[in-house]
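Chain by chain, the residues run as shown.
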Amino acid sequence: KEHGKGHYQAFVEEMDSAFRYRQRLKSDLAIAIAEGQLQLVYQPLVELGTRQVAGCEALARWTHPELGTIPPDVFIGLAEETGLISSITKWVLKTATAECVHWPDAISVAVNVSARDLRGEDLALHVAEALEASGLAPDRLEIEVTETALIEDREGAAAKLEVLAAKGIGIALDDFGTGYSSLSYLHGMAFSKLKIDRSFVAGIATSERSLKLMANVARLGHDLDLVLVAEGVETEEQLEIIADHTNIDQVQGFLFGTPLPALETRALIARMNQTRSRPKAVKGRRP
Ligand code: C2E
Ligand code: MG
Ligand code: MG
Ligand code: MG
């Protein structure tokens with residue numbers, strides 16, 4: 001009994017401190033943007049056929065002055081609860097588009113938006129402002145949404161995404177295969193891209209079923225005129241299997257490095273896409 005009570009006490013204290021931790025983060029997050037504690041890092045989406053960078057996904061990072069790095073899986077959820085997500089998304093759009101204009105013309109940038117962004121009225125406005133301020137062409141911006149973000153108000157979300165798509169902005173369905181009734185979201189939504197979740201990729205080297213699932217999702221996606229991406233590619237072996245057994249268009253993952261700040265991303269793109277810019281360099285060296 002004593003023992004049980006001790007455990008319960010520890011549990012309560014732990015819950016209490018977890019709660020206080022979240023409360024602390026929530027209130028600190030309010031000043032994080034203004035104080036420049038948020039950064040963006042980028043991860044390349046690599047064209048499978050050419051091994052060249054086609055675009056980059058912007059991923060938010062929060063470096064808390066005392067608590068250190070807080071991952072987006074934690075603070076995006078808190079930002080949704082407090083309503084701060086709208087200002088975070090606004091900041092991400094503004095920053096990502098401003099950085100992408102310095103990349104080669106063919107390179108696009110993808111920004112993640114959350115469920116609450118799709119409920120409110122700010123998203124279209126913030127997208128327009130970011131494009132206007134940066135001068136980035138709309139077809140170089142992509143918006144990533146997850147299935148879970150579409151559950152609540154599907155019709156409303158569909159309408160909002162349709163407005164963005166009509167401007168030429170790409171819409172990607174992120175983490176495909178992890179949500180509910182996955183396939184049903186492909187009806188009547190303005191998607192241009194399908195990102196197959198990394199849980200599929202994780203199994204392809206060891207499980208025939210995972211590979212078959214992935215290959216067939218890719219086939220289906222292509223039938224629907226979607227660009228297909230495999231997320232979470234970590235090994236050369238996985239890359240080879242994807243190339244040999246599926247018709248996936250683009251891959252993304254730690255195989256090409258961890259996400260990097262904007263400047264390093266620029267250098268990475270230059271390095272990976274150098275065959276494309278080689279003619280220019282040759283021309284420059286001619287007498
Ligand atoms: P996501 O959009 O699916 O982004 C991909 C996540 O997988 C990133 O985690 C990335 O670092 C990680 N990743 C990439 N390649 C690999 C790999 O090969 N192996 C493994 N194990 N992981 C890989 P991150 O940056 O921690 O972001 C987590 C999630 O947080 C994102 O998932 C996205 O849903 C959300 N998120 C990140 N930035 C933002 C943002 O600015 N706004 C919103 N609303 N959500 C964001
Ligand atoms: Mg994403
Ligand atoms: Mg994803
Ligand atoms: Mg994810």
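Residues numbered from 1 in each chain as written. Chains lettered and ligands numbered in written order. Predicted model: local features only at pLDDT ≥ 70, side-chain atom pairs only at ≥ 80, totals over all residues. Heavy atoms only, no water.

Caption draft 1: Up close: the packing of helix α3 (residues 85–100) against helix α5 (residues 122–134). Direction vectors running N to C along α3 and α5 enclose 25°, while the axes themselves pass 9 Å from each other. For the element pair α3 / α5, the angle class is roughly parallel. Between α3 and α5 the crossing geometry is right-handed. Across the interface between the two elements, Ser86, Thr89, Lys90, Leu93, Lys94, Thr97 and Ala98 from α3 touch Asp122, Leu123, His126, Val127, Glu129, Ala130, Leu131 and Ser134 from α5. Taken together, the residues that form the contact of α3 with α5 break down as six nonpolar, five polar and four charged. (Axes fitted to C-alpha atoms, helices over the stretch in contact; angles between N-to-C directions. Helix = DSSP H or I, 4+ residues; strand = E, 2+ residues; numbered from the N terminus. Parallel < 35°, antiparallel > 145°, perpendicular 65-115°, else oblique. Left-handed = near helix turned anticlockwise from the far one by under 90°. Contact = heavy atoms within 4.5 Å. Nonpolar A, V, L, I, M, F, W, Y, C, P; charged D, E, K, R; others polar.)

Caption draft 2: The nonpolar core, seen in detail. If you look at the biggest cluster of nonpolar residues, it comprises 75 residues, and the most contacted ones within it are Leu141, Ile143, Leu150, Ile242, Ile248 and Val251. Those residues in contact with Val251 that lie beyond four places of it in its chain are Pro44, Leu45, Val46, Leu48, Ala230, Val233, Leu239, Ile242 and Phe256. (Core = buried A, V, L, I, M, F, W, Y, C linked by side-chain atoms within 4.5 Å. Buried < 20%, exposed > 50% of the residue type's maximum accessible area, 1.4 Å probe, protein only.)

Caption draft 3: How the structure looks around the coordination of the magnesium ion (ligand 3). Donor atoms from the polypeptide that coordinate the magnesium ion (ligand 3) comprise Asp174 (OD), Asp175 (OD), Glu231 (OE) and Glu231 (OE), at 2.1 to 2.7 Å from the metal. Coordination of the magnesium ion (ligand 3) draws on donor residues from a single chain, spaced D-D-x55-E in sequence. Between the two metal centres, the magnesium ion (ligand 3) and the magnesium ion (ligand 2), the spacing is 3.9 Å, with Asp174 acting as a shared donor. Here Glu231 lies in the loop between β8 (227–230) and α9 (236–245) and Asp175 lies in strand β6 (residues 170–176), a separation of 56 residues in the sequence. (Donors = N, O, S within 2.8 Å, 3.2 Å for Na, K, Ca; no water.)

Caption draft 4: Region of the structure containing the layout of surface pockets. Looking at the largest pocket, its volume works out to about 1100 Å³. Contributions of two or more residues to the lining of the largest pocket are made by β2 (53–64), α2 (72–82), α3, α4 (115–119) and β6. A per-class count over the lining of the largest pocket returns 14 nonpolar, ten polar and eleven charged. (1 Å grid on protein atoms, 1.4 Å probe; cavity = no way out; pocket = protein on both sides within 12 Å on 5 of 7 lines; lining within 4 Å. Points joined across faces, edges and corners; volume = space filled by probe spheres on them.)

Caption draft 5: Structural context of empty space enclosed by the protein. Overall, the coordinates contain one cavity of 30 Å³ or more when judged by the stated rule. For the largest cavity, the calculated volume is near 40 Å³. Around the largest cavity, the lining residues are Ala115, Leu118, Arg119, Ala149, Glu152, Asp153 and Ala157. Of the residues forming the lining of the largest cavity, the biggest block, three residues, is contributed by α4.

Caption draft 6: Representation of the site of ligand 1 in the model. The environment of ligand 1 is made up of 23 residues, and the closest members are Arg61, Asn112, Asp174, Glu234 and Phe254. Between ligand 1 and Ala60, the relevant distance is 3.1 Å, taken from a nitrogen atom to a main-chain nitrogen or oxygen of the residue. In the complex, the protein chains occlude 85% of the 800 Å² of accessible area that ligand 1 would expose alone. Put simply, ligand 1 lies in the largest pocket. Secondary-structure elements contributing two or more residues to the shell around ligand 1 are β2, α2 and β6. (Near = heavy atom within 4 Å. Polar contact = N/O pair within 3.5 Å; in protein donor to acceptor, adjacent residues only side chain to side chain. Areas by Shrake-Rupley, 256 points an atom, 1.4 Å probe, with all protein chains shown as cover. Sits in = over half its atoms within 2 Å of the grid points.)

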